[in-house]
Amino acid sequence: MNSREKNLNSVLVKPAGPDCNMACAYCFYLEKSALFPGAKSRRMNEEILREMIKKVMGQSLQEVSFGWQGGEPTLMGLPFFEKAVEFQKEYGRNQVVGNGLQTNGLLIDKHWAEFFKEYKFLVGLSIDGPEHVHDHYRLMGNGKGSWSRVVEKARLLLDAGVEVNALAVVNDYSVQYAEEIYEYLKSIGLNYMQFIPCVETDPRSPGQSAPFTVPAEKYGEFLCAVFDLWLADFDGDMPSTSIRFFDSVFFHYAGLPPPECTLQEECGVYVVVEHNGDVYSCDFFVEPEWKLGNVMKDDLRILLNSEKQRDFGRAKATLPKECQDCHWLRYCRGGCTKDRLHNPLNRTLNHLCSSFKIFFKHANATLEKLAEEWKRRQYLDGLNRTADFEPSSRIRKKIGRNDPCPCGSGEKYKKCCGRAL
């Protein structure tokens, strides 16, 4: 286990708390409104924004990333983010700063797009696929679908030259349409994709999974199908699309630490700051048990290295014997902690355990071959500092080492999917 002090490299900020202008059936964060009773809306004020950024910039090293999520962060309005960038400049110490924003896209207009382009924001756009897939669960408050508006915003962002990732939730319905979703996202120019498995317990019946939870075996088949499509789209020996899970897994095969926390032995490598300044261990654990402190009175680096946060991180490595004896443990590392706790049949075994087994049995030989080719090219080039294999040819051509990584991690490219460069 790693007991060294962790550096404050990234923070995840919820400036509008759980507030959102949509009513997606599978959203896990809307229920967090109960943590803030009496408030009709939740908005981070300028005092908290300033203090948070001042502390982050003052306590981080040469590189730091801010992830802006929700709820829906654009409810704050563009001036809030203009002020955030202003504070980053004011309190920066010649650091490299990355900003990533996850959004449903509804409030985006040309002014937002120009701002994202100017300040190199990486935008994660929530879009589950073609209309029948997206509108199955991603609905407005009046029950109408949101697909047409989101597609319009995707085109606006891409036309403005903004780096955009597709964030697609894989649920009980969408898991049936792997090829259709993949091809559709490609067709509208979203070649960077993150597939997020939906795993939740039923709030009305905690003893069983929520009806929209993705079945584990079907999710494994989904990953296999997308993997084959990803391989088929290689341009020579280079991928032409980027799938975040595959990119992250590849790091393991190449002998490098993966950038995705779910694939690491321990987690707890960042903190979450809610709209009122409260600090929590993780996006999926914004709850009283895992509240670490408040940004207005506490040192963020101390909170990151607190015993409570260390306990949180170490919990990921506490695995049942079935995991410890599993051949694939070195690659999946037990998955995300929340997907164990949300498994009503066995709260120590990840709901997606069988998904991982299906995927790795299918993809292992190919990933091993890709990794060997990557290592061979390194050797032949005589360079241990460079790598020809990158998650995407677009990264190689357009993304600078100090730009936000297109995979959506919130890290700088050279600290994430460009780590081997």
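Residues numbered from 1 in each chain as written. Predicted model: local features only at pLDDT ≥ 70, side-chain atom pairs only at ≥ 80, totals over all residues. Heavy atoms only, no water.

Structural notes on the pattern of salt bridges
- All told, the structure shown has 20 salt bridges when counted by the stated rule.
- We note a salt bridge from E5 to R301, for which the minimum N-O separation is 2.9 Å. With E5 in the segment before β1 (10-14) and R301 in helix α9 (residues 300-304), this residue pair connects regions lying 296 residues apart in the sequence.
- A relative accessible area of 52% places E5 in the exposed class.
- With a closest N to O distance of 2.5 Å, E307 and R314 form a salt bridge.
- When salt bridges that share partners are traced, they join D19, R42 and R43 into one network. (Salt bridge = Lys/Arg side-chain N within 4 Å of Asp/Glu carboxyl O. Helix = DSSP H or I, 4+ residues; strand = E, 2+ residues; numbered from the N terminus. Buried < 20%, exposed > 50% of the residue type's maximum accessible area, 1.4 Å probe, protein only.)

Quick look at the confidence of the model for the protein chain
- Taken residue by residue, the protein chain gives an average pLDDT of 89. The fraction at 70 or more is 88%.
- For residues 383-399, every residue scores under 50 in pLDDT, and the model assigns this stretch 51 contacts once sequence neighbours within four places are set aside. (pLDDT = per-residue confidence, 0-100. Contact = heavy atoms within 4.5 Å.)

A few points about the nonpolar core
- Counting residues in each nonpolar core, the largest one holds 102 residues, and the members touching the most others are M52, W68, F116, F195 and F360.
- Top element by residues in this core is helix α14 (residues 353-381). It accounts for 8 residues.
- Y29, C267, Y270 and F312 belong to the second largest nonpolar core, which has 11 residues in total. (Core = buried A, V, L, I, M, F, W, Y, C linked by side-chain atoms within 4.5 Å.)

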